[in-house]
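# Observations on chain architecture
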Amino acid sequence: MQKEINKIIEIFNKEDNFLIAGHVGADGDCIGSVTALTRLLRKKNKSARAYFNRDTLAPFSFLDLNKEEYYDDFERLKKEIESDYILIALDSGNLERVDLEKEIIDSAKYIINIDHHQDNSRFGKINLVDSDKAAVGEMIYAVVKELLNGDIPLEIGTPLATAIITDTGALRYENTSADVLRVLADLVESGVNIYKINKEIFGTVSYKAIVLRGLVLSTLKLSEDGKVAWLYVSRDMMHEAGTDYTEGLVNQARDIEDVEIGILFTEEEKEKIKVSLRSNFYAKVNKIASQFDGGGHPRAAGATVEKDLQTAIKEVVEVAKKHV
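Parameters at a glance
- In this convention, every chain numbers its residues from 1, walking through the sequence in written order.
- Since the coordinates come from a predicted model, pLDDT governs what is reported: local features require at least 70, and pairs of side-chain atoms require 80 or more to be given and counted, while whole-chain, interface and lining totals use all residues.
- The basis for every side-chain value is the complete set of non-hydrogen atoms in the structure, without hydrogens or water.
- What counts as a ring pair is set by centres within 6.5 Å for rings of Phe, Tyr and Trp (its six-membered ring), and what kind of pair is set by the plane angle: stacked under 30 degrees, edge-to-face over 60, tilted for all other angles.
- Numbering goes from the N terminus for both helices and strands, where a helix is a DSSP run of H or I of at least four residues and a strand is a run of E of at least two.
- A 1.4 Å probe rolled over the protein chains alone gives each residue an accessible area, and that area as a share of the maximum for its type sets the label: buried under 20%, exposed over 50%, partly exposed in between.
- We call a charge positioned over a ring when the NZ of a Lys or the CZ of an Arg lies within 6 Å of the ring centre and within 35 degrees of the ring normal.
- The pairing criterion is simple: DSSP has to find at least two bridges between the two strands.
- UniProt positions are given in the numbering used here, feature names are shortened, and annotations may be inferred rather than shown by experiment.
- Every residue pair with non-hydrogen atoms within 4.5 Å of one another is taken to be in contact.
- Where helices are involved, their axes are fitted lines through C-alpha atoms of the stretch in contact, as for all axes, and angles between N-to-C directions lie from 0 to 180°.

As enumerated under the stated definition, the model contains 4 aromatic pairs in all. The interplanar angle of 20 degrees and the centroid separation of 4.6 Å between the aromatic rings of Tyr51 and Phe74 together place this pair among those described as stacked. Residue Tyr51 is located in strand 2 (residues 47-51), and its partner Phe74 is located in helix 3 (residues 74-80); the two are separated by 23 residues in the primary sequence. On the basis of relative accessible area, Tyr51 is assigned to the buried category, the value being 7%. Between the NZ or CZ atom of Arg49 and the centre of the ring of Tyr71, over which it lies, the distance is 4.2 Å. In this structure, Lys125 is placed above the aromatic ring of Tyr110, and the distance from its NZ or CZ to the ring centre is 4.2 Å.

Structure follows, in structure tokens:
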């Protein structure tokens, strides 16, 4: 890992033009890591902008992103970005997961791939991939420490902590290592308020999101052996509640007593179902996701099934039952 970090730092010192992007449906690790790296490069007087889908940003408004730091429109990005930019893809297991149009990806000088998924396809010219890391934020932290000689300003430390806290479930998941605790201790000592981060991410929810949660919980089902639980979100439910915010709903199924695998089915379109899978102890849900052309981590994975909602539920649940 250190060899790749050194290569990346050499590029950061030498080159001047960067575009940073994460994966489709960006989560806290993705948004926090992209934000921290963008701010690091801008602090080093580089031309660096992030790309975010604006729909993913609402829960992370406390990071105080400003329009000078990111694009949220492909047309503006293509019009304004300078030529010969280097694309840095974060938290994306393969090139298809990167949340950019193909034209923008293909126009990059080359790609730096920084990720922690086991099934990463090593699609970059430089690949900093370490599946032992709880979050990509841990890896960006290592780069920040070297480039800033250990001094981490608050505007970079807060998104780094956000990345790590979200992907460890507020330090509740088994990926919470001693290294994770050391990194967070350093960030706290630099002034990061982890209580505020936890409050914003895990302790604040809109009225509409609560209404949607109630509708979704009414769909909860349990397998005969009690090892697999699932629920779904339809387009009608999202319309009724007035929101499509489904973050954390899959955990409602996984956290049931004696359940090993929890699944959330989200109807993005009539025949396009997003499948989110979580497990507790032994089931490797990335193996389930791979059967539907998806991927992820052993305890957290996902896929998209291009079938109607009820067919997707039936097929995925039948596969999940074979893993418990």
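This part is about the pairing of strand 10 (residues 272-279). Across 8 bridges, the pairing between strand 9 (residues 261-269) and strand 10 is antiparallel. Bridge pairing in strand 10 links Thr266 to Lys274. Linkage of strand 9 to strand 10, two consecutive antiparallel strands, is achieved through a turn of 2 residues.

Another aspect to go through is the UniProt feature "domain: DHHA1" (unreviewed entry) in the chain. Under the feature "domain: DHHA1" (unreviewed entry), the UniProt entry names residues 243-321. Counting secondary structure, residues 243-321 comes out at 32% helix and 32% strand; the distance between its end C-alpha atoms is 31 Å.

Turning to the sheet that holds strand 8 (residues 228-233), a few remarks are in order. Taken in spatial order, the 6 strands line up as 7-8-9-10-12-11 in an open sheet, and their pairing is mixed. The open sheet is flanked by strand 7 (221-222) and strand 11 (295-296), the only strands paired with a single partner. Two strands pair when backbone bridges link them, and strand 10 and strand 12 (residues 300-305) are joined in this way by 6 bridges, in the antiparallel orientation. Note that in strand 12 the partner of Leu277 across the bridge is Ala301. Each of strand 8 and strand 9 is contacted by helix 9 (residues 207-217), which is oriented at about 130 degrees to strand 8, the strand it contacts most. Across the face of the sheet, helix 13 (residues 309-321) comes into contact with strand 8, strand 9, strand 10 and strand 12 while running at roughly 160 degrees to strand 9.

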